[in-house]
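Take a look at the letters that make up each chain.
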Amino acid sequence: MAQNTITVSGTVTDESGAPIPGASIIVQNTTNGTTTDFDGNYVIEAASNATLEFRYLGFVTQTIAINGRSTVSIQMAEDTQQLSEVVVIGYGTQNKESVTGSVVSIKGESLNEVQSANFQQALQGRAAGVNISTTSSRPGAAPQIRIRGTRSLSADNDPLIVLNGIPFSGGLSDINPNDIESLDILKDASATAIYGSRGANGVILITTKSGTKGQKATITYNTYYAAKEVFAKFPMMNAAQLIQLRADVAAINGGTPLFGLAGDEYLGNDTDWQDLLFGTGLQTAHDISVQGGTENGSYNVGLGYFKETSVVPGDSFDRYSLRVQLDQNVGKLFRFGVNSVTNFNKTSSIIGIYGTLAASPLLSPYDADGNFLESVRLQTQADDQWIPTRNEISRIGKGRVNEQLDFGTYNNIYGELQIPWIDGLKYRLNVGLNFRSSRDGNFTGRGVFNYNPINPSSASYNSTIQRDYVIENQLLYDKTFGKHQVNFVGLFSSQNTEFDNIGLGARNIPNETSLWYALDDDAILAEDVTSFGTGYSATGLLSYMARVLYQYDNRYLLTATVRSDGSSRLAPGRKWVTYPAVSLGWNISNEAFMDGVDWINLLKLRAGYGETSNQAIAPYSVQGNLNSVNYNFGSTFATGYFVDGLPNPNLGWEFSETYNYGLDFGLFNNRLSGSVEYYITKTNDILLGLGLPSTAGVGSVTSNIGNTENKGLEIALNGTIFDNPDGFSWDVGVNVYTNQNEITSLASGQVEDQGNLWFVGSPINVIYDQERIGLWNETDPDFQYLDILEPGGNAGMIKVRYTGDYNEDGSPTRAIGPDDRIVQDPTPDFLGGFNTRLAYKNFDLSMVGAFQSGGILVSTLHSSSGYLNLMTGRRNNIDVDYWTPTNTDAKYPAPGGIQSGDNPKYGSTLGYFDGSYLKVRAMTLGYNFDQDMVRDSWFKSLRLYATVQNPFVLFSPFHDESGLDPETNSGVNAQGQRQNVAVNTGNISTGIPTVGYNVPTTRNFMLGLNVTF
C-alpha cells in the first residue's frame, strides 16, 4: 500500500473559473479527506488507483479517478436542483427562486421526524405563520390549524387542504403522513387567489409519493413501535393534603373538620385514582410501497396501517390506507393518470377522566376482604360520582361501547393533451371524485359508568355520507423566448358537494347484547326514543381563473391572477364575485452589479397584493331557518314550528385583502438561507349569525357585518454550521413569527358585543374577566375598604383590580362588580419552532421543537370552570399553594372563603397563566448501515432509529407549577361546544384552546426501521 500511495494536488473552481475555498475532497470509501484553501488549492495523500470525491454546498458532487496522476483539478457545476428547488404553487410548480408569493415548502422526510396520526401534528413548529393548537388529545384527533391568524368571527377559519390537486373533503386523519412526498403552504392572497373563496384562510397543498420514469421496481418498508406513558399526572391532592384542606376549610368557617367520607375507617387510605386508571399506550405503523417506472410511465402503490391506543383504556384509533399513483404517456401528445388515496378508520373512546380527578383519595377501591370492588362510587352531600378504573372498564366489557367507523376514498383522474400545432400549449382535465361515509355507534348499559346502578341503558346510531366531485378544465401554456419566460393557466371548474345524515337515539334497550343494532319500533317503546331525524344539504361552486407567471432574465418576476367564483350558498344577485391578485419579485443577486459579490447566492425582494373571499357558512342561510317546539294540551300532543333565523336576500361574500412584503436570501454558498415577511390582511363584510333582540321574536339572521385586521412578521432561517470531510455535519433551522388581529368594526356602529365577547379594537378571541392582582391581606393599605369593595369578603380571598372612581377621602365609590371586567389579550408575543440535525459518518441525531413567548394559557383545571379547584374539600382538589393565616404569601385563596356559586369568588381568574414555553417535541438517533454491507445483502438500504417524543419542557411557568404540558389539550367540537370542562367558560372566547381534563399528554419511546429492497 505504501508503494502505491502518491501525493495529489489541484485546484477546485466554479464554472466561471473562480476558486472555491472550503470545498471538501475525500478519498472515496475512506475517511481520508481535506479541504481547499482560500485560493481553491488542495493537497491530499491517496492510492494511485483511488477515486476522489469533491463536495461543496450548492454544487453537484463529482467523483474523479486518480489513475496515477499527481495533479487533479476540477471545475464544479452549480446544483441547479438545489438552487432551484421546485415548489408546488397550485395548478403547477415553480422554481423556488422564481416564486413571488408567500409559500413554505416542507418535504415528507422532514414531517416524518415527528411520527403521528396526522400531518398537522408533524407540521407543528415547522412553518412560520402556521399555528397548530391541540384541541383534543384523544387518539386520532386532529388539531386546529390557523394560517396567519383568525379572520372571520363565526364563519370557517380553517385552511383549504388540496390533495394531489383536488380540494380535500375528508377528515384530516384520513391522510397517512408517510404517504406525503411534499407539503406546500400558500399563505398570502397573491398565492392563494388561484383557489378563490376556498383559499381565503390559506391553502395546504399535499402531494403524495409517486414513481419515477425509467426506475426499476423498488420496495420500501417503514415501521415503528412506540410505548406511550403519561407525560405528567394531573397534580391532585393526596390524602394528607385533602385532610388538611378540609381542616383549613372548617377552621376558616368556624366549624369542625370532616376527615372522612363516612367515618374514620377511611383515614388510612391514600388512593391514587390516576394510577388505577392510566396505563401504557402504544403507537405503531407499517407502510409498504412499490414504486418504479418504464420509459413512458411511472407507478407507486402503497399500503399502510396505523394504530394508536391511549393511556386511558378504551381509547384507540386504527387506520388502514391504500395509495395508488399511475402516470402514463401515450405517444408524444397524450398523458393520463390517477392519484387515489383510500382509507378506513376506526375510532373508539368510552370514558372521560373527570371522575378520576374528582375522586377523594380517602376512598378505598377495595372491600373489607381486600378484593377490588366491582364498582367504586362516591357520594357526598352534593355529589353523586362514579369513579372509573382500568379494572372496572375491563369488567364492563361491551357494557360501554363508543365506536366510529369512517371510510373515505379521494381520487384525481386526469388527462393531458399537448396541442401539436402550438409549442408549449396543453389542455388538462382533472376529475376529482370523493366519497366519505361515517357511522357512529354509542351504547351504555343499565347502570354502567354511572353512580345510579339502575340508570337506564341508552344507545344511539348516527350515519353520514358525503359525496363531492370537482371537474377542472385547464389550458396551460409554458414557453421561453430568449430571456423571457411565460407561464399561463386558464381554468374553468365546477364543484358539487352533497351531505346527508340519519340518526336515532333511545333508552331502556331491551336486549343489551344488540348494542345499537336493534333500535327498531318493535323493540323500543315510543316514549323511549330520545332523538331521531335525517338531514340533507347540497352546495355548488362554479369558478373561472386565469394566472400569468412572467419572468425576464430570471431577474424581474411577475405573477398576476384573476378569479371569479359563484356560490350557491349566497343570495341571488350576490352569488358571483371577481377579485384580482398580483405580486412582483426582483432577483437582485442576478443583476450584473452583483457579479463580484460571491458571498450572496440569492437576494430577492417580493411584494404582493391580493383579494380573496369566504362563503364558508351553513347551506341555506339565505333562506332563514325554522325550528320546532312540542306542546302538550292535556291529552293532546302537538308539534309547532317557529322562525328561528330570518332570511336575508342580501347575503353576500366576506372579503379579505392582503398586502405581503418579503425578502429571500441565500448567503455563503447557501450555507445560510431564509426569508423575512411582513403582511397585513383586512377582512370586510364578515359573515355572521347576528343575534337579534328578544323583541324581534326571532333568534338571529346571517348577515354581512363587521371588519377585522390581521398583521404579522415572519422570519425563517436555515443554516449549515459544519460540512466536514471527515463525516461530521450540522444543520439548523428556526422560524419565528408574530400575529396580531383585531376587530375594527361591528354591526350598526357597535363598539362591543359582550354576549359574543367581541370588542372593537381588541382581538377576535379574548378573555373578558376581572384582573387578579393577588389576595386580600390585612397588611394591604386598602384592606380598610374591603367591606366596601367586597361586602362579606374575607382575608385571603382573591383580590381583583378595581376600575371605578374614588371619594375625596380615597375610599372607593362602589363595590367591585361586572363593570370591573377588562378585555385581556391572550395572543403570544411571538411563536416559532426549531429543528437541528447532527451527523457523523453513519450516525445522525435530530431534534424538533416549538416555543412560545408570552400570551395567556387558560387552564380550566385551575379555574372555576373545571370544578377541580373549588377550595372547599367537597371533591378532591388540584394541589395548590393556598392562603392560611400562616401562609399569607400564597397564590391561591383561602379555602372555604367567600363563594360565587360553587366556586371561590373570581375563581375563573385562577386559570390564567403565562403561556411561555420551549418544548422539544422529538429527538431521534439513527444509524444508516454501511453501503458496503448493504450492497452485499438482498436489500438496498437499511436504517434503524430510536425516537423519544415530548422528552422535556423548559421556560414554562405553567409547567413549573403543575408539571403538566403547557400545550393545550382541549377546545371546541364541531358544534362549537367547549369540551372537557364541567361548566361553560363564558368569560373566554370559544376560539381559545385550553388545558382541561382531557386525556393527558404522553411521552413516547419509539423504535423504527426503514428498509429498501
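Reading the values: rules and limits
- Residues numbered from 1 in each chain as written.
- Predicted model: local features only at pLDDT ≥ 70, side-chain atom pairs only at ≥ 80, totals over all residues.
- Heavy atoms only, no water.
- Helix = DSSP H or I, 4+ residues; strand = E, 2+ residues; numbered from the N terminus.
- Rg over C-alpha atoms; globule rule 2.2 N^0.38 Å.
- Contact = heavy atoms within 4.5 Å.
- Areas by Shrake-Rupley, 256 points an atom, 1.4 Å probe, with all protein chains shown as cover.
- Lys, Arg positive; Asp, Glu negative; His and termini not counted.
- Charge placed at Lys NZ, Arg CZ, Asp CG, Glu CD.
- Pairing = 2+ DSSP bridges.
- pLDDT = per-residue confidence, 0-100.
- Patch = residues over 30% accessible without salt bridge, like charges linked within 9 Å, V, L, I, M, F, W, Y side chains within 5 Å.
- Salt bridge = Lys/Arg side-chain N within 4 Å of Asp/Glu carboxyl O.
- Core = buried A, V, L, I, M, F, W, Y, C linked by side-chain atoms within 4.5 Å.
- Buried < 20%, exposed > 50% of the residue type's maximum accessible area, 1.4 Å probe, protein only.
- Expected span 1.5 Å × (residues − 1).
- Polar contact = N/O pair within 3.5 Å; in protein donor to acceptor, adjacent residues only side chain to side chain.
- Phe/Tyr/Trp six-rings, centres within 6.5 Å; stacked < 30°, edge-to-face > 60°.
- Lys NZ or Arg CZ within 6 Å of the ring centre and 35° of its normal.

Undergrad: What is the right way to read the overall build of the chain from this model?
TA: Scanning the chain from N- to C-terminus turns up 11 helices and 55 strands. In terms of C-alpha radius of gyration, the chain reaches 32 Å, essentially the compact-globule figure of 31 Å for 1013 residues. Oriented by its inertia axes, the alpha-carbon framework of the chain measures out at about 100 × 75 × 75 Å. In the chain, once contacts between residues fewer than 6 apart in sequence are set aside, the share between residues at least 24 apart is 69%. Accessible surface, the chain: about 43,600 Å² in total, of which carbon and sulfur atoms supply 53%. Across the chain, 66 positive and 101 negative side-chain charges occur, with their mean positions spaced 6 Å apart.

Undergrad: Sorry, what's going on with the sheet that holds strand S1 (residues 5–13) here?
TA: Within a sheet, neighbouring strands are paired by backbone hydrogen bonds and run either parallel or antiparallel to one another. An order of S4-S1-S7 is seen for the three strands of this open sheet, with the pairing classed as mixed. The outermost strands of the open sheet, each flanked by one partner alone, are strand S4 (41–47) and strand S7 (74–75). As defined by bridge partners, S1 adjoins S7 across two bridges and the pair is classed as parallel. Counted as the bridge partner of Val12 is Ile74 from S7.

Undergrad: What exactly am I supposed to notice about the confidence of the model for the chain here?
TA: Averaged over the chain, the pLDDT score is 86; the fraction of residues at 70 or greater is 93%. Low confidence marks residues 973–977, where pLDDT is under 50. Its contacts with residues over four positions away, or in another chain, come to four contacts.

Undergrad: What exactly am I supposed to notice about a nonpolar patch on the surface here?
TA: On the surface, Trp599, Tyr659, Tyr661, Phe668, Leu672, Tyr678, Leu713, Ile715, Leu717 and Val734 cluster together into a nonpolar patch covering about 820 Å² of accessible area. Only strand S34 (654–667), strand S35 (672–684) and strand S38 (707–723) provide two or more residues apiece to the nonpolar patch. Broken down by element, the residue count for the nonpolar patch peaks at three residues, all from S38. Locating Tyr659 in the fold gives a position in strand S34.

Undergrad: How should I be thinking about the nonpolar core in this particular structure?
TA: Nonpolar side chains in soluble globular proteins generally cluster together in the buried interior. The biggest cluster of nonpolar side chains holds 62 residues, and the ones touching the most others in it are Phe234, Phe278, Ile353, Leu357, Phe449, Leu861 and Leu868. Looking at this core, the elements that each hand over two or more residues are helix H5 (239–253), helix H7 (354–358), helix H8 (390–396), helix H9 (786–789) and strand S45 (798–800). No other element matches the five residues that H5 contributes to this core. Setting aside residues no more than four positions away along its own chain, Phe278 makes contact with Val230, Phe234, Val311, Val312, Ile353, Arg390 and Pro1000.

Undergrad: Just checking my understanding: could you explain H5 for this structure?
TA: Two residues of an α-helix separated by three or four positions point the same way, owing to the 3.6 residues in each turn. Between its first and last C-alpha atoms H5 spans 21 Å; for 15 residues at 1.5 Å apiece the expected length is 21 Å, and the two agree. Of the residues making up H5, those classed as buried are Ala239, Leu242, Ile243, Leu245, Arg246, Ala247, Asp248, Val249 and Ala250. Measuring from the backbone nitrogen of Ala240 back to the side-chain oxygen at the start of H5 gives 3.3 Å, which picks out Asn238 as the cap. Positive phi appears at Gly254, one or two residues downstream of H5, with a value of about 70 degrees.

Undergrad: Sorry, what's going on with the side chain of Asn164 here?
TA: The topology assignment puts Asn164 in the loop between strand S13 (160–163) and strand S14 (166–167). Take Asn164: its relative accessible area is 11%, and that puts it in the buried class. The contacts of Asn164, once residues within four sequence positions are left out, are Ile206, Thr207, Thr208, Asn339, Val341 and Asn412.

Undergrad: Hey, could you run me through the sheet that holds strand S15 (residues 180–186) in this one?
TA: Here five strands make up an open sheet; going across it, the order is S10-S15-S16-S13-S14 and the pairing mixed. Whereas interior strands pair on both sides, the edge strands pair on one side only; in this sheet they are strand S10 (103–107) and S14. Looking at chain direction, S15 and strand S16 (residues 203–208) are connected through six bridges and run antiparallel. Of the residues in S16, the one forming a bridge with Ile180 is Thr208.

Undergrad: Which parts of the structure should I look at to understand the environment of Val953?
TA: Inspection of the secondary structure assignment puts Val953 in strand S54 (residues 941–954). Expressed as a C-alpha distance, the spacing of Val953 and Val751, which sit 202 residues apart in the sequence, is 40 Å. Those residues within four positions of Val953 in sequence are excluded, and the remaining contacts are Phe231, Tyr917, Leu918, Lys919, His959 and Pro966.

Undergrad: Would you take a moment to explain the packing of aromatic side chains for this structure?
TA: Aromatic ring pairs are described here by two measures, namely the spacing of the ring centres and the angle between the planes. With the rule as written, the count across this model stands at 24 aromatic pairs. Judged by centre distance (6.3 Å) and plane angle (35 degrees), the ring pair of Tyr320 and Phe344 falls under tilted. Of this pair, Tyr320 sits in strand S20 (residues 316–330) while Phe344 sits in strand S21 (residues 334–348), placing them 24 residues apart in sequence. The class of Phe344 is partly exposed, set by a relative accessible area of 31%. An aromatic cluster is defined as three or more aromatic residues linked by ring pairs; in this entry it consists of Tyr305, Tyr320 and Phe344. For Lys799, the ring lying beneath its charged end belongs to Trp776, and the centroid distance is 4.7 Å.

Undergrad: What exactly am I supposed to notice about unusual backbone geometry here?
TA: Peptide bonds are mostly trans, and most non-glycine residues show a negative phi. If you check the backbone angles, Asn508 has positive phi at about 55 degrees while not being a glycine. In this fold, Asn508 is placed in the loop between strand S27 (484–507) and strand S28 (529–552). Its relative accessible area of 38% is what places Asn508 among the partly exposed residues. Here Asn669, not a glycine, exhibits a phi torsion of approximately 55 degrees, which is positive. Among the secondary structure elements, Asn669 is positioned in the loop between S34 and S35.

Undergrad: How do you make sense of the pattern of salt bridges when you look at a structure like this?
TA: Close approach of charged atoms allows side chains with opposite charge to pair. Tallying each qualifying case throughout the model produces 43 salt bridges. The residue Arg428 makes a salt bridge to Glu416 at a minimum N-O spacing of 3.1 Å. Note that Arg428 is positioned in strand S25 (residues 425–444) and Glu416 in strand S24 (residues 400–418), a separation of 12 residues in sequence. Per residue, the accessibility class of Arg428 equals that of Glu416, and both read buried. Salt bridges sharing partners connect three or more residues here, namely Arg148, Lys187, Lys604, Arg606, Asp664, Glu677 and Glu714.

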